[in-house]
Structure formats: structure tokens, C-alpha cells
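# Close look at the chain arrangement
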Amino acid sequence: MDGAAEDEITLYRNQDDFNRYELIPRFLVDVKDVDLSTTVLGADIDVPFVLAPTGMSRLYHHTGEAAVAAAAKKAGTIYSLSSMATASIEEIAGITDGPKMFQIYVWRDRELLKQFINRAKAGGYSALCLTVDLPTAGNRERDLRNGFTVPPEIRLANIIDTLKRPDWLWHFLTSPRMSLANVRDHATAAKNLFNVIDYTASQFDPSVTWPDVDWMIREWDGPFAIKGILSVDDARRAVETGATALIISNHGGRQLDQSPAPISVLPEIAAAVGDRVELILDGGIRRGADVVKALSLGARAVMIGRAYLFGLGAGGQAGVERALQLLTEEIRRTLMLIGCKSIKELEGKYVRKR
Ligand SMILES: Cc1cc2nc3c(=O)[nH]c(=O)nc-3n(C[C@H](O)[C@H](O)[C@H](O)COP(=O)(O)O)c2cc1C
């Protein structure tokens, strides 16, 4: 969960580049009631953060995606379900009637895409997210060094680590076997997760280009986000294609190492297309102050990945709720300390580059 691609330079910069900006406060402003609510992808949300799609959440806690979706509903925000999740579109629809987004990749099989779109519509998902930064899998060397496999296996290399976590081990051994719940039926020959993963990898299509995205947007016919934008060129292209929101993201540093941190490219993308599309910054958010900086530089909201996954690993649904609560409190406190009473009023004057 905490690892990334190759030398993890991008992973480090995602957080560190927030430190290139400082917050400039204004005082003697009435901040008795601060407003954190906003509208993203057609959904009214209580906090300016959305929960990012993360695959296979049951690796971290046996309650997995279901726990995260329930916590998102309580916090009053959008839960994004990954197509690589260990819970199905329908299971999550049954758990929360809160705003939900389903995330897809660029699959080879249009029939599968159509089925995903129909299932997400039937399940009441409010938005669709296309992740574009995975024409091939990133080189996650930490996973190789650690002997990480899917599903996890208890081996000599990790036995001490595993034994130190008896609660995790107990649930791992006694819960139903993990599977990629949304694709398992399509991998007809697949009896276990290994085969489903191989099948899924064979379905990624590195030849997909913008006209295919145009087709997806028309098929979905609702709020549509494109995730993985890092350049002004792609931002312009995504807007022309008809995206509702751009998620400025490098996949949490897990794909192209040495790509820029989202916070560093946000100002130029905001200047180019910020008045024509919703911008969501994704990557490196660990503190409320990070959220305030992103919104001041032109983002409408942010997405968080590891910040809630750490909570999930530590304490299931209660852990995620606690993580979301801490972040919310930090955003509120930071707003009060800079003298701004609504996230919608955040603008460039509150941040300065060091
Ligand atoms: C364990 C893990 C699994 C992820 N799985 C997916 C996924 O299935 N689909 C996707 O679009 N992004 C995936 N991501 C990327 C996240 O959606 C998000 O971009 C990233 O976590 C943001 O960075 P942060 O963790 O610093 O907040 C994953 C990230 C992590 C850490």
C-alpha cells in the first residue's frame, strides 16, 4: 500500500512538493462557521475530498471496500469503487446509497465496458471515472523485493511480518478467498485470482486513444472523470472530449516514476482549462493544509488514497472514519487559521511559493 514505482521519487515528491508552498493568513475575519461543502461531478458533498479508487482493499482488512464505502457515506462524500476491487458493483450499491463513482481502465473488450457501464447505472452510481495512466503496469520493485503476491501467501520471506499481525492472519485464513469481484465472471477459465489477474492484464489495451474516450463518454451519458492527467496538452484534449472533471494524478507514484507531483502541475493546468472543467487534485494529501493549498491553487476538490487505506488497515471501518474525521478537522482548523470561512472562497492570495 505504501510503496510505489522504481525509486519512489514521485511518491516522495507528491508529498514534499506541498512544502514548496506556504499559507498566508488573514486575521480578524469572522470564521465562527466555516463551510466545507461543495459540488463535484454532480454530487453535493460535505467535505472537499473524494475517496480514490484503490484495488483489492481486502488485502489490508478483511472488511475491504464495504467498510470504506460505509465510512464515505457517513462523511458525506463520494466513494470510488475500483474495477480491480474485491467487492462487486452490486455489493457496494447495496451498502451505500451515498454518491458513488465507478472506475474503469481502458479495456480491450467493449462488451465488458458496456456491461460495466450498465451495471454501474443500475447500481445508482453517480459518476464514471476512466483511469488513463496505465497503458502498462508500473514497475513496483518494492513488491518484487517483498515477495508480494496476489492473493497474499505466507512464505519464509514474510512469516515474521505475518506472525506479528495475528488479527490480520486470523481473518486472512478464515475469510472467503479474495477475488476480483467485478471481472471474475468474465474470466471463464479462471478458477482463482491468479488467472483473473492474468486475464485482466491481457484486457488492458495500450492502443486506446482519445476517440475511444469519446465513445465511453457518450455511452455513460453522465458525469465523467478522466484520471491521470499531468500535462496541459492532455487537459485541453480531455476538455474537448467532454469530460466533466479532470483528476490530476500520477496514480500515487505507482506508475511513471519521475513524473511530476500533481500539486506542481496544478497551477498551469488551472490557468489553461480551470474555467471550463472541474479539477480534482490526487496524490500526496496527508494533511488538511495540503487540501487548502490545492483548493487555493485552483482545484475544486482533492482525492485521497493512502490517507484512508492506512485507516482501513489500522481499524477497518472505524479506522477509515477516524482518518476522514482527522482530515476534516484539519481542513476546518486551517481555514479558521488563515481567515477564510468557506472552501469556495479559497484563492491564490492564501498561498505563496517559497
Ligand atoms: C494500494 C493502492 C491501490 C490503487 N488502486 C488503484 C486502482 O485500482 N485504480 C486507480 O485508478 N487508481 C488506483 N490507485 C491510485 C489511487 O486512486 C490514487 O491515485 C492515489 O492513491 C493517490 O495518492 P495518495 O495515495 O498519495 O493519496 C491505487 C493506489 C494505491 C495506494
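Every chain begins its residue count from 1, and numbering advances along the sequence as written. For this predicted model, a pLDDT threshold of at least 70 governs which residues receive local features, and a threshold of 80 or more governs which side-chain atom pairs are given and counted, while totals over whole chains, interfaces and linings are taken from all residues.

### Description of the overall build of the protein
A run of H or I in DSSP counts as a helix once it spans at least four residues, and a run of E counts as a strand once it spans at least two, with each numbered from the N terminus. What the protein contains, in helices and strands, is 13 helices and 12 strands. Based on C-alpha atoms, the radius of gyration is set beside the globule rule, defined as 2.2 Å times the residue count to the power 0.38. Here the C-alpha atoms of the protein give a radius of gyration of 20 Å, agreeing with the 20 Å that 2.2 N^0.38 yields for 354 residues. Counting only C-alpha atoms and orienting by the principal axes, one finds that the protein spans roughly 65 × 50 × 40 Å. Burial analysis of the protein (354 residues in total) assigns 46% to the buried set. We call two residues in contact when the distance between their C-beta atoms, placed using the backbone, is within 7 Å. For the protein, restricting intrachain contacts to residue pairs at least 6 apart in sequence, the fraction spanning at least 24 positions comes to 70%. Three exposure classes are used, all based on how many other C-beta atoms lie within 10 Å of a residue's own C-beta (placed from the backbone): buried at 20 or more, exposed at 12 or fewer, and partly exposed between those limits.

### Concerning helix 1 (residues 9-16)
Those residues of helix 1 that sit buried are Thr-10, Leu-11, Arg-13 and Asn-14. In an axial view of helix 1, the angular spread of the buried residues amounts to 170°, which keeps them on one side of the axis. Elements that come into contact with the buried residues of helix 1 comprise helix 11 (262-273). Here the arc refers to the directions that run from the helix axis out to each C-beta atom.

### Points about helix 4 (residues 110-122)
Given the number of residues in a helix, its expected span is that number minus one, multiplied by 1.5 Å. Across its 13 residues, helix 4 extends 18 Å between first and last C-alpha, which sits within 8% of the 18 Å expected from 1.5 Å per residue. For helix 4, every residue scored as buried is listed here: Leu-113, Phe-116 and Ala-120. All buried residues of helix 4 lie within an arc of 60° about the axis, which places them on one face of the element. Across from the buried face of helix 4, at angles greater than 90 degrees, the exposed residues are Glu-111, Lys-114, Asn-118 and Ala-122. Turning to helix 4, the residues buried within the fold contact helix 3 (89-95), strand 6 (100-104), strand 7 (127-131) and helix 9 (210-220).

Any functional reading would require information that these geometric values do not contain.
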